[in-house]
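For reference, the chains in residue letters:
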Amino acid sequence: QLARIQTDGVVEMLRELHPDLHFEIVAMSTTGDKILDTALSKIGEKSLFTKELENALERKEVDLVVHSLKDLPTSLPPGFTIGAVCKRENPLDAVVFHPKNRGKTLSLLPEKSVIGTSSLRRAAQLKKKFPQLEFRDIRGNLNTRLKKLDEKEDFSAIILAAAGLKRMGWENRIGQLLSPEDCLYAVGQGALAVEVRAKDQEILNMVSVLHDADTVLRCIAERAFMKRLEGGCSVPVAVNTVLKDGQLYLTGAVYSLDGSDSLKETMQTNVNYPQQNEDGPNDDVQHVGITAKNISGQAQEAAENLGAELASLLLSKGAKHILSVARQLNDA
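All figures in this text were calculated on a predicted structure; none of them were measured in a lab.

Caption draft 1: Molecular detail of the pattern of salt bridges. All chains considered together, the criterion is met by 14 salt bridges. Residues Arg173 and Asp150 are paired through a salt bridge, measuring 2.8 Å at the closest nitrogen-oxygen approach. With Arg173 in the loop between α7 (162-167) and β7 (176-178) and Asp150 in helix α6 (residues 142-151), this residue pair connects regions lying 23 residues apart in the sequence. For Asp150, a relative accessible area of 30% gives the class partly exposed. Taken together, the shared-partner salt bridges in this structure form one network comprising Asp63, Arg197 and Asp200.

Caption draft 2: Up close: the nonpolar core. Residues Leu69, Ile82, Phe225, Leu229, Val237 and Val254 are the most contacted members of the largest nonpolar core, which totals 44 residues. Sorting the residues of this core by element identifies β2 (80-85), α9 (213-229), β9 (237-244), β10 (247-255), α10 (297-316) and α11 (319-331) as the ones contributing at least two each. Top contributing element to this core by residue count: α9, with 9 residues.

Caption draft 3: Highlighting the packing of α9 against α10. Interaxial distance between α9 and α10 falls to 7 Å at its minimum, and their mutual angle equals 35 degrees. With respect to the hand of their crossing, α9 and α10 are arranged in right-handed fashion. For the pair α9 and α10, contact is made by Leu217, Ile220, Ala221, Ala224, Phe225, Arg228 and Leu229 and by Ala299, Gln300, Ala303, Glu304, Leu306, Gly307, Ala308, Leu310, Ala311, Ser312, Leu314 and Leu315, respectively. The class makeup of the residues in the contact of α9 with α10 is 14 nonpolar, 3 polar and 2 charged.

Caption draft 4: Inspection of the sheet that holds strand β6 (residues 157-161) at higher detail. On the basis of which strands lie adjacent, the open sheet formed by 5 strands has the order β5-β4-β6-β3-β7 and mixed pairing. The open sheet has two free edges, formed respectively by β5 (134-136) and β7, since each of these has just one partner strand. Neighbouring strand axes in the sheet, compared pairwise and without regard to direction, differ in orientation by 30 degrees on average. Two strands pair when backbone bridges link them, and strand β3 (residues 93-97) and β6 are joined in this way by 5 bridges, in the antiparallel orientation. Note on β6: the bridge partner recorded for Ala94 is Leu160. Helix-sheet contacts for helix α5 (residues 120-129) involve β3, β5, β6 and β7, and the interaxial angle to β6 is about 130 degrees. α6 rests against β3 and β6 of the sheet, and its axis sits at about 165 degrees to β6.

The rules behind these values
- Residues numbered from 1 in each chain as written.
- Predicted model: local features only at pLDDT ≥ 70, side-chain atom pairs only at ≥ 80, totals over all residues.
- Heavy atoms only, no water.
- Salt bridge = Lys/Arg side-chain N within 4 Å of Asp/Glu carboxyl O.
- Helix = DSSP H or I, 4+ residues; strand = E, 2+ residues; numbered from the N terminus.
- Buried < 20%, exposed > 50% of the residue type's maximum accessible area, 1.4 Å probe, protein only.
- Core = buried A, V, L, I, M, F, W, Y, C linked by side-chain atoms within 4.5 Å.
- Axes fitted to C-alpha atoms, helices over the stretch in contact; angles between N-to-C directions.
- Left-handed = near helix turned anticlockwise from the far one by under 90°.
- Contact = heavy atoms within 4.5 Å.
- Nonpolar A, V, L, I, M, F, W, Y, C, P; charged D, E, K, R; others polar.
- Pairing = 2+ DSSP bridges.

In structure tokens, the structure reads:
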């Protein structure tokens, strides 16, 4: 349902811009949708929610695919690109409480209360901050997870992305928004990506109007950080970005599975560059899988360098060890 709402929203924007075009929505399900009894981090498939959709794109059965950006790997298969990153919804994580705990916050829950989350990143950060709580895996789409929470006594609360709840119209279920001090968010969280065939100029030009410049630059930095760390679903990597007065600030962190070991740093860079019309051989430059010709190439480069440099800083301080231990423990 959420995927459908997200797709409808993007198509609605395109319809307004191109009233003469006819858009047909093709629904599909993916491996990630079908395997619901296994933790995401254990399935070990990089393109969990994207492979089937990309196959349809390649076969020209569809012309564009709408994803949550956080589901897209930092390296796309050859021949594909992210042609649009729409304006980001609130990227923070939200706590939804069991009806009997309404009005509480995580710190007010009784000791040994069980919190549901399918994300190693959320669990690692919150275990450290709330050692009195227990964290357990919960899978399924938003509807399923909320149902599990409300109808059973297994969970006192669950953690979800605020963006998904908002898009579903369930904002009133948010009992607590977790600030970046409590919980840094996932790379690309809250942003929608439109994936297209890289060589399909017509479609690329059509969707590129949907790019939101601030979101693009923030997400390029976040994705470059993740790419350099070689992170994914199976390791706890988290970020926070702020773009203010032409300065892009990126905070990035890596965690051990129990949150006891962590590294966190912040860096900034100037992204205040004018947009130049650079037609010619450069026009298909991708930055961590994103093609955004209508946004300054220098700004995109600066954002990508920022992400890579921050990751290098963490690696020089021992991030590789934390992540490889996390990966081994998770695999075990």
